[in-house]
Amino acid sequence: MRRRAGLIAGAVALVALAAGGGFTVASAKGTDAPRTPAADSADAGFARDMAVHHQQAVEMSYIVRDRTEDEDVRRLAYDIAQTQANQRGMLLGWLDLWALPKVSSDGPMAWMGMAGMPPGEDGALMPGMATDAQLDELRKASGKQAEVRYLQLMTAHHKGGIHMAQGCASACEVGAEKRLAQGMVDAQQSEIDLMADLLKARGAKAE
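Some details on the overall build of the chain
Consideration 1: For the chain, the helix and strand inventory stands at 6 helices and 0 strands.
Consideration 2: Counting from the amino terminus, helix and strand elements in the chain follow one another as α-α-α-α-α-α.
Consideration 3: The buried share of the chain, reckoned over its 207 residues, is 47%.
Consideration 4: Look at the contacts in the chain between residues 6 or more apart in sequence, and 76% of them connect residues 24 or more apart.

What follows is the structure, given as structure tokens:
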């Protein structure tokens, strides 16, 4: 189990580095980003929304690291926190590079044709995000209870993230961002599989 988690983390790190490096080199040659994306483009919308989505994953991961002593869960949480914090920095950096706002009046998911989506319930702004009540529940849990709740919440979070990343992989135009999005799909699906194993070992399953 520990070796599998380590391999997943390594693969995620390589995806992030490759995507970031690809953007820098190709942009310098003028072949990867022929124009600055518009504020209402899929590129900008994904960068804004996934930065917010990732921030909650980082928060949940640091919460559970303080609520359990289990090394497998702590290692997974650390890997997720580090990977998604790094990716979040890349997404926000692109918005800065493009001189685009980090918020939009169109609301979350508008770039995916979901502008009419009902407002998020209790702080859950996008699909897969945990509510404020669920975060409070995680903060109050400890040991096995915290491990199970984290794994359940993060599985749902990853599923929502994969949906968004697939949207960018299909609709985004900046090559590096498309590659990063596809890397998110692949890595987060692997983590979902790992979390299913961890839940099963604890006599639980995803919700």
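Quick word on the nonpolar core
For soluble globular proteins, the rule of thumb is that nonpolar side chains tend to be buried together.
Consideration 1: If you look at the biggest cluster of nonpolar residues, it comprises 53 residues, and the most contacted ones within it are Phe46, Met60, Leu91 and Tyr150.
Consideration 2: For this core, the secondary structure elements donating two or more residues are helix 2 (42-65), helix 3 (71-97), helix 4 (132-140), helix 5 (143-171) and helix 6 (175-201).
Consideration 3: Sorting elements by how many residues they give to this core places helix 5 first, with 11 residues.
Consideration 4: In contact with Leu91, other than residues within four places in its own chain, are Phe46, Ala47, Met50, Ala51, Glu177, Leu180 and Met184.

Brief notes about the state of the cysteines
Consideration 1: A complete count under the given rule lists 1 disulfide for this structure.
Consideration 2: With a sulfur-sulfur separation of 2.2 Å, Cys168 is cross-linked through a disulfide to Cys172. Across the S-S bond linking Cys168 and Cys172, the dihedral sits near -120°, which makes this disulfide left-handed. Of the two residues examined, Cys168 and Cys172, each falls in the buried class.

What to know about unusual backbone geometry
Consideration 1: Of note, Ala99 is a non-glycine position whose phi angle comes to about 55°, a positive value.
Consideration 2: Mapped onto the elements, Ala99 comes out in the loop between helix 3 and helix 4.
Consideration 3: One non-glycine residue with positive phi stands out, namely Met109, at about 70°.
Consideration 4: By the element assignment, Met109 lies in the loop between helix 3 and helix 4.
Consideration 5: Exposure remark for Met109: the relative accessible area of 0% places this residue in the buried category.

Section: the pattern of salt bridges
Consideration 1: Summed over all chains, the structure comprises 8 salt bridges.
Consideration 2: Where Arg75 meets Asp72, a salt bridge forms, and the shortest distance between an N and an O atom there is 3.7 Å. Residue Arg75 and its partner Asp72 are both found in helix 3; the two are separated by 3 residues, about one turn of the helix.
Consideration 3: You can call Arg75 partly exposed: its relative accessible area is 29%.
Consideration 4: For Asp136, the salt bridge is made with Arg139, and the minimal N-O distance between the two is 2.8 Å. Separated by 3 residues within a single helix, Asp136 and Arg139 lie in helix 4, roughly one turn from each other.
Consideration 5: Using a relative accessible area of 36% as the deciding quantity, one classes Arg139 as partly exposed.

What to know about the layout of surface pockets
Consideration 1: In this structure, the largest pocket occupies an estimated 210 Å³ of space.
Consideration 2: Lining the largest pocket are 16 residues, and of these Arg48, Asp49, Ser104, Gly107 and Pro108 sit closest to its centre.
Consideration 3: Each residue belonging to the lining of the largest pocket can be placed in one class, and the counts come to 8 nonpolar, 3 polar and 5 charged.

Things to note about the packing of aromatic side chains
Consideration 1: Considering all chains together, one arrives at 2 aromatic pairs under this definition.
Consideration 2: Centroid distance Phe46 to Trp111: 5.8 Å. Interplanar angle 75°. Geometry classified as edge-to-face. With Phe46 in helix 2 and Trp111 in the loop between helix 3 and helix 4, the pair connects residues that are 65 residues apart, well separated along the chain.
Consideration 3: A residue is classified by how much of its surface remains accessible, and Trp111, at 14% relative accessible area, is buried.

Quick look at the confidence of the model for the chain
Consideration 1: Mean pLDDT over the chain stands at 86; residues scoring 70 or higher make up 81%.
Consideration 2: Scored below 50 in pLDDT, residues 5-31 shows 32 contacts in the model against residues more than four places distant or in partner chains.

Parameters at a glance
- Residues numbered from 1 in each chain as written.
- Predicted model: local features only at pLDDT ≥ 70, side-chain atom pairs only at ≥ 80, totals over all residues.
- Heavy atoms only, no water.
- Helix = DSSP H or I, 4+ residues; strand = E, 2+ residues; numbered from the N terminus.
- Buried < 20%, exposed > 50% of the residue type's maximum accessible area, 1.4 Å probe, protein only.
- Contact = heavy atoms within 4.5 Å.
- Core = buried A, V, L, I, M, F, W, Y, C linked by side-chain atoms within 4.5 Å.
- Disulfide = S-S within 2.5 Å.
- Salt bridge = Lys/Arg side-chain N within 4 Å of Asp/Glu carboxyl O.
- 1 Å grid on protein atoms, 1.4 Å probe; cavity = no way out; pocket = protein on both sides within 12 Å on 5 of 7 lines; lining within 4 Å.
- Points joined across faces, edges and corners; volume = space filled by probe spheres on them.
- Nonpolar A, V, L, I, M, F, W, Y, C, P; charged D, E, K, R; others polar.
- Phe/Tyr/Trp six-rings, centres within 6.5 Å; stacked < 30°, edge-to-face > 60°.
- pLDDT = per-residue confidence, 0-100.

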